[in-house]
Amino acid sequence: MEEYNQLKKELTEGHPISDNTIEQFKDENYKWESVDSKNKHLKVKHKDLKEDYERLNFKVGKSSPGKSEFTEPKVYEMWMEARKANFTDGELESFKEELRHFEHKLKKHQHMTREIDMTAYKYRRKDDLPQGHKELQDKTKDYGQKVKKIHTDLRIRLDNALRHTEL
């Protein structure tokens, strides 16, 4: 939290010119790359803080210790819906196992994304990025698409089961 507040303070104090004014073009000595880099890092930190807060809120508010098997709110909500759906015991157990795998993949994708963001922040200029960074970005993008597809497939299965329950 301190790092986030420090970055925010640096951006507000060190960036006297608004992005939406013509004066930004008059100051030739101003280092916009530095501001953009700090701004990007600030957004990453904000996103991480928000996700951590949601995860903590979820752990404290919705479940008692040891009761919930899922730590990701998205997965937990799908599990609660699945328990209300018209699944047999075998189907429910199978769906639960798929949710475990999905949660693992979701966490792995989040980790990969954080690694890319931290590397990009560490090497602020594009020409300084390690050679494997672009490959890791591509790999993370592909992995993100796979995670999204798995989520969509699970969501469709769950919606179909819930629809049959409503009829």
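As a reminder, the structure under discussion sits directly above these lines.
First, a word on what this report is: a plain description of the structure on this page. (Residues numbered from 1 in each chain as written. Predicted model: local features only at pLDDT ≥ 70, side-chain atom pairs only at ≥ 80, totals over all residues. Heavy atoms only, no water.)

1. Quick word on the overall build of the chain
Moving on, step 1. Counting its secondary structure elements, the chain contains 6 helices and 0 strands.
Moving on, step 2. Overall, the chain shows an N-to-C arrangement of helices and strands of α-α-α-α-α-α.
Moving on, step 3. Taking all contacts inside the chain whose residues are at least 6 apart in sequence as the whole, residues at least 24 apart take part in 66%. (Helix = DSSP H or I, 4+ residues; strand = E, 2+ residues; numbered from the N terminus. Contact = heavy atoms within 4.5 Å.)

2. A closer look at helix 4 (residues 73-84)
Three- or four-residue spacings in an α-helix give side chains the same orientation, since the helix completes a turn every 3.6 residues.
Moving on, step 1. For helix 4, with 12 residues, the first-to-last C-alpha span of 17 Å sits near the 16 Å given by 1.5 Å per residue.
Moving on, step 2. Residues of helix 4 that are buried include every one of V75, Y76, M78, W79 and A82, and no others. Along the long axis of helix 4, the arc covered by the buried residues comes to 160°, so they all point the same way. (Expected span 1.5 Å × (residues − 1). Buried < 20%, exposed > 50% of the residue type's maximum accessible area, 1.4 Å probe, protein only. Arc of directions from axis to C-beta.)

3. Considering helix 5 (residues 89-122)
Moving on, step 1. Given a rise of 1.5 Å per residue, 34 residues ought to cover 50 Å, and the 49 Å separating the end C-alpha atoms of helix 5 matches this to within 8%.
Moving on, step 2. Here helix 5 has its buried residues at L92, F95, K96, L99, F102, E103, L106, Q110, M112, I116, T119 and Y121.

4. As for the side chain of T140
Moving on, step 1. Mapping T140 onto the fold places it in helix 6 (residues 131-166).
Moving on, step 2. Assessed through its relative accessible area of 5%, T140 is described here as buried.
Moving on, step 3. Not counting residues up to four positions away in its chain, the partners in contact with T140 are H109, M112, T113 and I116.

5. A short note on the environment of E81
Moving on, step 1. Mapping E81 onto the fold places it in helix 4.
Moving on, step 2. By relative accessible area, E81 is classed as partly exposed at 26%.
Moving on, step 3. When the C-alpha atoms of E81 and A161 are compared, they prove to be 9.6 Å apart, with 80 residues separating the residues in sequence.
Moving on, step 4. With near-sequence residues (within four places) excluded, E81 lies in contact with R155, L158 and L162.

6. Some details on the nonpolar core
Moving on, step 1. Grouped together as the largest cluster of nonpolar side chains are 19 residues, with contacts concentrated most on A82, F87, F95, L99 and L158.
Moving on, step 2. Looking at this core, the elements that each hand over two or more residues are helix 4, helix 5 and helix 6.
Moving on, step 3. Ranked by residue count, the leading element in this core is helix 5, at 6 residues.
Moving on, step 4. Ignoring anything within four residues of it in the chain, the contact list for L99 reads F70, V75, M78, W79 and L154. (Core = buried A, V, L, I, M, F, W, Y, C linked by side-chain atoms within 4.5 Å.)

7. Side note on the pattern of salt bridges
Moving on, step 1. Considering all chains together, one arrives at 8 salt bridges under this definition.
Moving on, step 2. For E69, the salt bridge identified is with R100, shortest N-O distance 2.8 Å. Residue E69 is located in the loop between helix 3 (32-61) and helix 4, and its partner R100 is located in helix 5; the two are separated by 31 residues in the primary sequence.
Moving on, step 3. Under the relative-accessibility criterion, E69 is labelled partly exposed at 43%.
Moving on, step 4. For R100, a relative accessible area of 31% gives the class partly exposed.
Moving on, step 5. A salt bridge links K134 to D138; its shortest N-O distance comes to 3.4 Å. Residue K134 and its partner D138 are located together in helix 6, separated by 4 residues, close to a single helical turn.
Moving on, step 6. Within this structure, E69, K96, E97 and R100 form a network of salt bridges that share partners. (Salt bridge = Lys/Arg side-chain N within 4 Å of Asp/Glu carboxyl O.)

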